[in-house]
Structure formats: C-alpha cells, structure tokens
Amino acid sequence: MEQASDIRNVTMRVSTINIMVNFVLSVIKLTAGILANSGALISDAAHSASDVFSTFIVIIGVNYSSKKSDKEHQYGHERLECVAAIVLAVILFATGVGIGWSGLEKILNRSVLIVPGTLALAAALVSIVIKEWMYWFTRAAAKKVNSGALMADAWHHRSDALSSLGALVGIAGARLGFPVLDSVASVVISVFVAKAALEIFKDAIDKMVDKSCSDETVAKMKDLVSSQEGVLHIDNLKTRLFGARIYVDIDIAADSNLSLEKSHEIAQRVHDAIETEFTEVKHCMVHVNPKK
C-alpha cells in the first residue's frame, strides 16, 4: 500500500495548491470581466471556478481508490479513481456547452455586444501564465504517481489556459473594432473544453474496461522477462489497466527436466523483476510451462 499512500499524499498537496490558486484566479477574472465588460473573460472565470469543484472530486476519488482491499473488494478500489475522472469529464463537458451557448446567444443578439476594457486583456494574460504553470505542475505530479484522475485535472488546467488564450484573442479583436470576436472567442473556448472532456472520458473508460498497456510497455516487459535466468521462451504475456495500476499475466517456458522447486525459483525471479522494474504493477501472475 506504499504507492497508494504516495498517490494520496501527492494528490492532497497538489490539489490544495490548485484549489487556492483557482479560487483566487476565478475571482480576479470574474471581477475584471465585469468591470471591463468582457463576456469571454466572465466565461473563462466560470471555467476556473469549475476547476475548484473538479479538484475536490479528484481528492475524493483518489482517497477512496487508495483504500485497502477488503472482503467485498478483494482486488482493491483503484477503479474509483476512474469514476472520479469520468465525473470530472462530464462536468468539464457541461462547462464547455454552457460557455458555447452563452457565446452563441450574444452573437445572435448583436445589440448586447460591448467592447471590453483593457483590464480584461491584462487579466486574460495573467490567467494564461498561471494556468499553464498549473498544468505542468499537476502533470508532473500525476506522472510521478501514475494517477489518471490527477492527470485529468492537469488537462483541466490546460483547457483553462487555452480558454484564456481564446479570451485574450477575442478581447483584443473586440478592441480593434470587432466586438463580436469577444463572443466568438467564447464559442471557440467551448470547443477546446469539450474536446478535453472527451479525451479524459475516453482515458477513464479505457481503464475501466481492462485495456492493455501500450505496446512500448509490453515490449519492455518482454525484454525483461526474456533476460531472466531459466526463461527459455515467453508463451504469453497479457496486461490490463486497473485504474492507475497494472495487472500482468505471464506464461513462460522452462526446461521440463527441472524440479518443481527450480521452476518456482524461475517464476519468482520473473515476478520480482516485473514488480521491481514497473512500480505501477499491482499484481503479476507467472505460470511455467515445461519445454523439452
């Protein structure tokens, strides 16, 4: 359970920072959007505010997925992290639809289009810098502990940075004499947000349905197994993602003249090598077939 504890601790630290930054940033963007009459920036503020809620979902999902196995859940609770990522994706998609709908309404009702003030430009630029930093900060933590939910949260920040970039372009265009561009930016923002939501959703579903590891990971595993003393051939190697963890089933061939004890030693070497080299592997099952 050491890795589960690491995931929980890293998630809590990163998420606490993200919540505080997102709250302050959403207040700044909302205030600037209202004062500078920028619909794109107000939409962007709503996106940042949704990040706060989504981060709480990540915290809940990771905490539950880190629970120890019990009688009713003998394989653990890792898939609950996928559930958290799915919920996050749905919220993110709904946010994108809301932003796009608001922008379309303003485009269709041209009488409400207002040229944003310079304050909106400054706020959008600050948002781009901060949200891009949050993306790389959260992404690094997610890769460190192999957390799908935390990676989904990182992409939520990246989509916010893109939406702020769209807001910046829209605001600048509006100030150059094309006020409709502020609302057009909101619609473009919604597309980026919806796309990020669908990618997060697909990744979570893949992990829920026992998708196999990448070809690169499987190739590395095969090389490692083949290099172990006593392994004559790999008859089969299957992997499946279980939340943020990996299950591996391996069939190897060994000399049929070996004793049961020697065959077991070979299987144990393979087992230990896989779980040592690939720390995200939760369980590795090795079966030895006799080969003459």
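None of these values were measured; they are calculated from a predicted model.

Here the focus is the pattern of salt bridges. Counted under the stated rule, the structure contains three salt bridges. Taking the shortest distance from any N to any O, the salt bridge between K195 and E199 comes out at 2.5 Å. You can see K195 and its partner E199 sitting in helix α6 (residues 180–208), four residues apart, about one turn around the helix. Using a relative accessible area of 47% as the deciding quantity, one classes K195 as partly exposed.

Another aspect to go through is a nonpolar patch on the surface. Among the surface-exposed residues, L176, F178, L181, V184, V188 and F192 lie close enough to one another that they form a single nonpolar patch of about 530 Å² accessible area. By the secondary structure assignment, F192 is in helix α6. The exposure class assigned to F192 is partly exposed, which follows from its relative accessible area of 37%.

With respect to the helices, strands and loops of the structure, N18 is situated in helix α1 (residues 2–35). Not counting residues within four places of it along the chain, the set of residues in contact with N18 comprises T55, M134, F137, T138, D153 and H157.

We now examine the packing of helix α7 (residues 215–226) against helix α8 (residues 260–277). Their axes nearest at 10 Å, the elements α7 and α8 cross at an angle of 140°. By the criterion of interaxial angle, the relationship of α7 to α8 is oblique. Pair α7 / α8 crosses with right-handed handedness. Every residue of α8 that contacts α7 at M221, L224 and V225 is listed here: V270, A273, I274 and E277.

Attention now goes to the nonpolar core. Grouped together as the largest cluster of nonpolar side chains are 31 residues, with contacts concentrated most on V10, L41, L92, L150, I171 and I200. Contributing elements (two or more residues each) for this core: α1, α2 (39–65), α3 (79–108), α4 (118–145), α5 (148–175) and α6. Of the residues forming this core, the biggest block, seven residues, is contributed by α4. Residues I234, L237, L241 and I266 belong to the second largest nonpolar core, which totals 23 residues.

To continue, consider the layout of surface pockets. Gaps left between atoms are located by rolling a probe of water-molecule size over the structure's atoms. Considered as a void within the structure, the largest pocket measures approximately 790 Å³ in volume. If you go around the largest pocket, you meet 32 residues; those closest to its centre are N146, G148, M151, D203 and K207. Mapped by element, the contributors of at least two residues to the lining of the largest pocket are α4, α5, α6 and β2 (245–255). For the lining of the largest pocket, the leading source of residues is α6, giving seven residues. Residue composition of the lining of the largest pocket, by class: twelve nonpolar, nine polar and eleven charged.

Interhelical geometry of α4 versus α5 gives an angle of 160° and a closest axis separation of 8 Å. Considering their axes alone, α4 and α5 lie roughly antiparallel with respect to each other. Considering only the axes of α4 and α5, their crossing is left-handed. Here the contact of α4 with α5 is built from residues that sort into 19 nonpolar, five polar and eight charged.

Take the pairing of strand β3 (residues 281–291) next. Where β2 and β3 come together, ten bridges link them in parallel fashion. Of the residues in β3, the one forming a bridge with I252 is V288. As for the winding sense of the linkage, the β-α-β connection from β2 through α8 to β3 is right-handed.

Our next topic: α5. Taking 1.5 Å of rise per residue, 28 residues should cover 40 Å, and α5 covers 40 Å from first to last C-alpha, within 8% of that figure. With respect to burial, α5 is a largely interior element, 21 of its 28 residues being buried. Looking one or two residues beyond α5, the residue adopting positive phi is G177, at roughly 110°.

A few words now on the packing of aromatic side chains. Applying the stated criterion across every chain, the model contains two aromatic pairs. Ring geometry for Y135 and W136: centres 5.1 Å apart, planes at 70°, overall edge-to-face. By relative accessible area, which is 3% here, Y135 ends up buried.

Glancing now at the sheet that holds β2. Reading across the sheet, the three strands line up as β1-β2-β3 and stay open at both edges, with mixed pairing between neighbours. Two strands bound the open sheet, and with one partner strand each, they are β1 (233–242) and β3. Here the strands of the sheet are splayed against their neighbours by 15° on average, with no regard to which way each runs. Set on the sheet, α7 makes contact with β1, β2 and β3; between it and β1 the angle comes to about 140°.

On to the environment of A267, then. Note that A267 resides in helix α8. Sequence separation between A267 and A253 is 14 residues; the distance between their C-alpha atoms is 9.9 Å. Apart from the residues within four sequence positions on either side, A267 is in contact with V286 and V288.

About the criteria used
- Residues numbered from 1 in each chain as written.
- Predicted model: local features only at pLDDT ≥ 70, side-chain atom pairs only at ≥ 80, totals over all residues.
- Heavy atoms only, no water.
- Salt bridge = Lys/Arg side-chain N within 4 Å of Asp/Glu carboxyl O.
- Helix = DSSP H or I, 4+ residues; strand = E, 2+ residues; numbered from the N terminus.
- Buried < 20%, exposed > 50% of the residue type's maximum accessible area, 1.4 Å probe, protein only.
- Patch = residues over 30% accessible without salt bridge, like charges linked within 9 Å, V, L, I, M, F, W, Y side chains within 5 Å.
- Areas by Shrake-Rupley, 256 points an atom, 1.4 Å probe, with all protein chains shown as cover.
- Contact = heavy atoms within 4.5 Å.
- Axes fitted to C-alpha atoms, helices over the stretch in contact; angles between N-to-C directions.
- Parallel < 35°, antiparallel > 145°, perpendicular 65-115°, else oblique.
- Left-handed = near helix turned anticlockwise from the far one by under 90°.
- Core = buried A, V, L, I, M, F, W, Y, C linked by side-chain atoms within 4.5 Å.
- 1 Å grid on protein atoms, 1.4 Å probe; cavity = no way out; pocket = protein on both sides within 12 Å on 5 of 7 lines; lining within 4 Å.
- Points joined across faces, edges and corners; volume = space filled by probe spheres on them.
- Nonpolar A, V, L, I, M, F, W, Y, C, P; charged D, E, K, R; others polar.
- Pairing = 2+ DSSP bridges.
- Right-handed = clockwise from strand over helix to strand, strands pointing away.
- Expected span 1.5 Å × (residues − 1).
- Phe/Tyr/Trp six-rings, centres within 6.5 Å; stacked < 30°, edge-to-face > 60°.

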